[in-house]
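# Secondary and tertiary structure notes
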Amino acid sequence: MNEMLDNKKRKIELNSNNDTTNFINLNTFYMKKIFVILLVLLPIFTTVVAQNKIKIETDQTDKFSGKRLIHTSWARIYRGTKTPSNVYARITHYGSTTAISFKIMTGSVDAIDKDDELLLKAVDGTVYKLYASNYTLANRGDGSIGLNGANVLGLNVTYKGDLSFLQDNPITDIRINTSDAYYDIELSEKEQANLATLYKVIKKSINN
């Protein structure tokens, strides 16, 4: 009788140990899955947070030239499923010159020649032109900010010209001319607002 009770006790203990082991293994499995998901989402989350507020990132006076240098933060002005997949913009003011830079994620070997046109179509149908300030060749990470897209080929190009049209005339479409072709992008209302806000923010800073 005692032997039977001991056997039952051992079976209960064995089952209990197995249940505990299975529970631990199951928890470990789910924790690993959650960790992998977080690793995938972290760069995207970081990028989204970075885009939540458009602000002045740099405002200083050059020690040698005495000219004031102002940079806005980068703002996403386009996201889509075609090429380019992402486009970011920021505006820079140096001395008496104001220019706009674009990070364009193309995933391909592209080049933009000096003085190549950037065409911006406003909501009223007016087409404005800006011109590339120098020759630009695609490099890995040049079309991204943060970790998201850091290994993807892209362009980081600056355009010169009068940007005052950005203030009161929403831009609905942009054509990016490259050496071999061009990319057309259509901006959503939020993306139009981001582009307009970039100009408003830097203008306010210049006037302060």
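The structure displayed is predicted, hence computed values, not measured ones.

## Considering unusual backbone geometry
With an omega of -5°, the peptide bond running from T83 to P84 counts as cis. Positive phi values are uncommon outside glycine, yet D115 reaches one of about 75°. Relative to the helices and strands, D115 is located in the loop between β6 (111-112) and β7 (117-122).

## Examining the packing of aromatic side chains
Applying the stated criterion across every chain yields a total of two aromatic pairs. An angle of 75° between the planes, with centres 5.8 Å apart, marks the rings of F102 and Y159 as edge-to-face. Separated by 57 residues along the polypeptide, F102 in strand β5 (residues 97-105) and Y159 in strand β11 (residues 153-160) bring together distant segments of the chain. Taken as a pair, F102 and Y159 share a single burial class, namely buried. A ring pair is formed by Y128 and F165, whose centres lie 4.2 Å apart and whose planes are at 5°; its orientation type is stacked. A residue pair is termed long-range when its members are at least 10 positions apart, and Y128 in strand β8 (residues 127-132) and F165 in the loop between β11 and β12 (171-177) qualify at 37 residues. In this arrangement the basic side chain of K103 is found over the ring face of W74, its NZ or CZ atom lying 5.4 Å from the centre.

## So, the pairing of β7
Note that β7 and β8 share five bridges and pair antiparallel. Following the sheet pairing, L118 is matched in β8 by L130. Hairpin connection between β7 and β8: a loop of four residues separates the two successive antiparallel strands, and G125 in this loop has a positive phi of roughly 95°. Of the pairings in the sheet, the one linking β7 to β12 comprises five bridges and is antiparallel in character. Looking across to β12, one finds that L118 is bridged to I176.

## Let's talk about the environment of K200
The topology assignment puts K200 in helix α2 (residues 189-207). With relative accessibility at 46%, the residue K200 sits in the partly exposed group. Once the C-alpha coordinates of K200 and Q167 are considered, the two residues, 33 residues apart in sequence, prove to be 6.3 Å apart.

## Let's talk about a nonpolar patch on the surface
A surface patch of nonpolar side chains, about 330 Å² in accessible area, is lined by V109, Y135 and L137. Within the fold, V109 resides in the loop between β5 and β6. V109 sits in the exposed class, given a relative accessible area of 65%.

## Some remarks on the nonpolar core
Among the nonpolar cores identified, the biggest contains 35 residues, and I100, F102, Y159, L166, I174 and L195 are the most heavily contacted of them. Here this core gets five residues from one element, more than from any other, and that element is α2. Contact partners of I100, with chain neighbours within four places excluded, come to A89, R90, I91, L130, V157, T158, Y159, L163, L166 and L195.

## As for the pairing of strand β1 (residues 56-61)
Summarising the sheet, β1 and strand β2 (residues 68-72) pair through five bridges and their orientation is antiparallel. Each bridged residue has a counterpart across the sheet, and for I56 the counterpart in β2 is T72. Count of turn residues in the β1/β2 antiparallel hairpin: six residues, of which G66 carries a positive phi of about 75°.

## Section: the confidence of the model for the chain
Scored by pLDDT, the chain has a mean of 85; 75% of the residues are at 70 or more. The low-confidence segment residues 42-51, where pLDDT is below 50, has 13 contacts with residues more than four positions distant or belonging to other chains.

## Notes on the environment of G161
As for its placement among the helices and strands, G161 is situated in the loop between β11 and β12. G161 gets classed as partly exposed once you look at its relative accessible area, which sits at 35%. Residues G161 and K129 lie 32 residues apart in sequence; the distance between their C-alpha atoms is 7.6 Å. Residues contacting G161, with those up to four places away along its chain left out, are T98 and L130.

Here is what the cut-offs are and how they apply
The residue count restarts for each chain, going from 1 along the sequence in the order it is written. In view of the model being predicted, local features appear only for residues whose pLDDT reaches at least 70, and side-chain atom pairs are presented and counted only at 80 or more, with totals across whole chains, interfaces and linings using the full set of residues. To obtain the side-chain values, all non-hydrogen atoms of the structure were used and water was disregarded. Each helix is a run of DSSP H or I of at least 4 residues and each strand a run of E of at least 2, with the numbering of both proceeding from the N terminus. Aromatic pairs are defined between Phe, Tyr and Trp rings, using the six-membered ring for Trp, whenever the two ring centres lie within 6.5 Å; interplanar angles under 30 degrees are classed as stacked, those over 60 as edge-to-face, and all others as tilted. Between buried and exposed lies partly exposed: a residue is buried under 20% and exposed over 50% of the maximum accessible area for its type, with that area taken using a 1.4 Å probe on protein chains only. Throughout this description, the term charge over a ring refers to an Arg CZ or Lys NZ atom that lies within 6 Å of the ring centre and within 35 degrees of the ring normal. Paired strands, in this sense, are two strands between which DSSP finds at least two bridges. Each patch is built from residues lacking any salt bridge and having more than 30% relative accessible area; the joining distance is 9 Å for like charges and 5 Å for nonpolar side chains (Val, Leu, Ile, Met, Phe, Trp, Tyr). All accessibility values rest on the Shrake-Rupley procedure with a 1.4 Å probe; residue burial counts only the protein chains present in the view. Between Lys or Arg on one side and Asp or Glu on the other, a salt bridge is scored when a side-chain nitrogen of the former is within 4 Å of a carboxyl oxygen of the latter. Only buried residues count toward a nonpolar core. Its members are Ala, Val, Leu, Ile, Met, Phe, Trp, Tyr and Cys residues joined through side-chain atoms within 4.5 Å. In this description, contact between two residues means that some pair of their heavy atoms is separated by no more than 4.5 Å. A residue's pLDDT is the predictor's confidence in that residue, given on a scale from 0 to 100.

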